[in-house]
Amino acid sequence: MSEIAVLGAGYVGLTTAVCLSSLGHSVVVSDVNHGKIASLNDGKCPIFEESLEELLQQCIEESRIRFISNNCDAVKDSDYVFLCLPTPEGELGEADMQFVLSVIDEVRTHLRSGAIVITKSTVPIGASADVFKRIGRDDVSYVSNPEFLREGTAVQDFLDPDRIVIGSTSDKAASRVGMLYSRISAPIVYTDPISAETIKYASNSFLATKLSFINGLASVCEVVGADADEVLRGMGMDTRIGESYLRPGPGWGGSCFPKDTKALLMTSDARGFDFGLLRSVIDANSRHIDRISQRLNSMLDKESDDRCIALLGLAFKAGTDDLRDSPAVEIARRLHRFGISVRAFDPAISDLSRWGLAEEIRVCGSASEAVQGASVVAVLTEWPEFQQIDPSSLGQLMKRRVVFDGRLLLARRDWESAGFTYVGVGRQ
Ligand code: UGA
């Protein structure tokens, strides 16, 4: 099997490396963080990702993966070099290529002849030309192979994807990269690099558009008296619309949708096309977050000293401990600015100091602890365990019984039977 180097052991790099190794390839991973490399060699996974640690340990036992802190050593015997480096949001909203380009400068003369350099992390549309120029070698090819991994289900998404996208100007390099995935049964879209890069931004931006529409529609349901759950069930059965990405919530967030929608807007702007629809999609999301914050504020009794709200969930979605661009956190910040005391429980979060949020949110060890003395409890992340909460016991700890179901997760009748006033996103 082929020798693969993966440069960067972040979320994308690690998932890519472990999954490629589990497909039978021999993989070497390099990262500048020595502490991370040491713990990975011990089989400890530094990120919260379903089944990744088990797979990592299995690959280590079978000697198909190793971790080092030297990019040049990693690439020197590798046929394939995956660049999985951070591409953070740049000053103007574009993905910043500085880490990718500086690693290329470091390794370019160490690449073996015939090697293929592959970008996996999200690079700006058109970056392929810069990358290829920067590599500056006729005997090395370049392929764009964007990732479509959701946090929390990344392993499943890698091993059982809807499609694999491979963009290259070299048919030979493209089909060699396609061979790496021969054990995966999924269609492969072979295309040029710019189209491959665009597919990535287009997919995330389209899903965000769908969600902004759905969240807007949820607000319509609230004002006309319809139930969003029923409306979306009826809509989703139309196969042209489909059932996925149709759940209303407190807004969309995470490390990808906000960054990628902004980047696509900025790229189209820079090339002279005003993608007004996408601009509205982004604005609508931030207005939706404002609206939910105001709705929660209005649920407090202004006549009394009712100033405490308990939040269930802080992560941007269930199955992750990631708070980046989390709508729940944005709502907590707005509530704090309204002078409301915010107590929160999230099964994956025990400390907020590394997120710089300790002043705005008091993190609690359980739902019962979070609701102590609160008048309103709001579900903002769809952790399935919140469905198991006994509303009667929770209600006894609260000052008043008001629940806001920000994910349409709870059994309304049970909460109402326990004396709660129930309010939901997309519901009156
Ligand atoms: C997203 C894409 O789904 C992946 O395909 C892509 O590879 C990844 O970004 C990336 O670019 O790396 P992720 O950020 O993990 O994955 O999150 P999603 O599961 O897509 O959820 C994004 C947001 O939409 C979350 O805030 C989630 O709560 C929200 N959402 C999703 C809803 O509110 N309702 C839904 O029905 C689905």
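The present account deals with the structure reproduced in this document. Note that this is a predicted model, so its numbers are computed, not measured.

Some details on the overall build of the chain
- Along the chain, the regular secondary structure elements total 16 helices and 14 strands.
- Radius of gyration (C-alpha) of the chain: 23 Å, near the 22 Å computed for a compact globule of 428 residues.
- Its C-alpha atoms put the chain at 75 × 50 × 40 Å along the principal axes.
- Put simply, 72% of the contacts in the chain that link residues at least 6 apart link residues at least 24 apart.
- Of the roughly 18700 Å² that the chain leaves accessible, carbon and sulfur atoms contribute 50%.
- Of note, the chain has its 45 positive side-chain charges centred 2 Å away from the centre of its 59 negative side-chain charges.

Focus on the pattern of salt bridges
- This structure, assessed with the given rule, holds 26 salt bridges.
- Put simply, E62 and R64 hold a salt bridge, and the shortest N to O gap is 1.8 Å.
- Ionic pairing is found between D290 and R334, a salt bridge with its closest N-O pair at 2.6 Å. Here D290 is found in helix α12 (residues 276–298), whereas its partner R334 is found in helix α13 (residues 327–337), with 44 residues between them in sequence.
- Using a relative accessible area of 28% as the deciding quantity, one classes D290 as partly exposed.
- Salt bridges linked by common partners bring D290, E330, R333, R334 and E360 together as one network.

Focus on the site of the ligand
- For the ligand, the set of nearby residues contains 19 residues, the closest of which are E147, E151, K200, Y245 and K317.
- E147 places a side-chain nitrogen or oxygen 2.7 Å from an oxygen atom of the ligand.
- In the environment of the ligand, an oxygen atom lies 2.8 Å from a nitrogen or oxygen atom belonging to the backbone of L149.
- Compared with its free state, where it exposes 710 Å², the ligand has 92% of that area covered by protein.

Details of helix α9 (residues 193–224)
- In a regular helix each residue adds 1.5 Å, so 32 residues correspond to 46 Å; α9 covers 47 Å between its end C-alpha atoms and thus fits that length.
- Measuring from the backbone nitrogen of I194 back to the side-chain oxygen at the start of α9 gives 3.2 Å, which picks out D192 as the cap.
- Once α9 ends, the next one or two residues include G225, with phi positive near 90°.

What about the state of the cysteines?
- Inspection of the entire model under this criterion finds zero disulfides.
- Note on C364: no disulfide assigned, nearest cysteine sulfur contributed by C308 at a separation of 8.6 Å.

A word on α13
- P327, A328, V329, I331, A332, R334 and L335 are the residues of α13 that are buried.
- Just beyond α13, the residue with positive phi is G339, at close to 85°.

A short note on the environment of P384
- Relative to the elements of secondary structure, P384 occurs in the loop between β12 (376–379) and α15 (391–396).
- The exposure class of P384 is partly exposed, given its relative accessible area of 45%.
- Each C-alpha atom, one on P384 and one on A318, is 8.0 Å from the other, the two residues being 66 residues apart in sequence.

Points about the pairing of strand β8 (residues 188–191)
- Taken together, the four bridges between strand β7 (residues 164–167) and β8 define a ladder with parallel strand orientation. Looking across to β8, one finds that I166 is bridged to Y190.

Digging into the sheet that holds strand β14 (residues 421–424)
- Within the open sheet, the six strands sit side by side as β11-β10-β9-β12-β13-β14. Their pairing is parallel. Each edge of the open sheet is held by one strand with a lone partner, namely β11 (362–363) and β14.
- Summarising the sheet, strand β10 (residues 341–345) and β11 pair through two bridges and their orientation is parallel. Across the sheet, the residue bridging to R343 is R362, located in β11.
- Set on the sheet, α12 makes contact with β9 (308–312), β12, β13 (402–405) and β14; between it and β13 the angle comes to about 170°.

Considerations on the packing of aromatic side chains
- This model, assessed by the stated rule, comprises six aromatic pairs.
- Look at F158 and Y181: their rings are 6.0 Å apart centre to centre, the planes differ by 40°, and that puts the pair in the tilted class. Here Y181 lies in the loop between α8 (171–180) and β8 and F158 lies in helix α7 (residues 154–159), a separation of 23 residues in the sequence. An identical accessibility class is assigned to F158 and Y181; each is buried.
- Grouping aromatic residues by their ring pairs yields a cluster made of Y245, W252 and F257.

Side note on the pairing of β9
- With five of its five residues buried, β9 lies for the most part within the structure.
- Relative to β10, β9 runs parallel, the two sharing five bridges. By the bridge assignment, C308 is partnered in β10 with S341.
- Crossover handedness for the path β9 to α13 to β10: right-handed.

The rules behind these values
Residues numbered from 1 in each chain as written. Predicted model: local features only at pLDDT ≥ 70, side-chain atom pairs only at ≥ 80, totals over all residues. Heavy atoms only, no water. Helix = DSSP H or I, 4+ residues; strand = E, 2+ residues; numbered from the N terminus. Rg over C-alpha atoms; globule rule 2.2 N^0.38 Å. Contact = heavy atoms within 4.5 Å. Areas by Shrake-Rupley, 256 points an atom, 1.4 Å probe, with all protein chains shown as cover. Lys, Arg positive; Asp, Glu negative; His and termini not counted. Charge placed at Lys NZ, Arg CZ, Asp CG, Glu CD. Salt bridge = Lys/Arg side-chain N within 4 Å of Asp/Glu carboxyl O. Buried < 20%, exposed > 50% of the residue type's maximum accessible area, 1.4 Å probe, protein only. Near = heavy atom within 4 Å. Polar contact = N/O pair within 3.5 Å; in protein donor to acceptor, adjacent residues only side chain to side chain. Expected span 1.5 Å × (residues − 1). Disulfide = S-S within 2.5 Å. Pairing = 2+ DSSP bridges. Axes fitted to C-alpha atoms, helices over the stretch in contact; angles between N-to-C directions. Phe/Tyr/Trp six-rings, centres within 6.5 Å; stacked < 30°, edge-to-face > 60°. Right-handed = clockwise from strand over helix to strand, strands pointing away.

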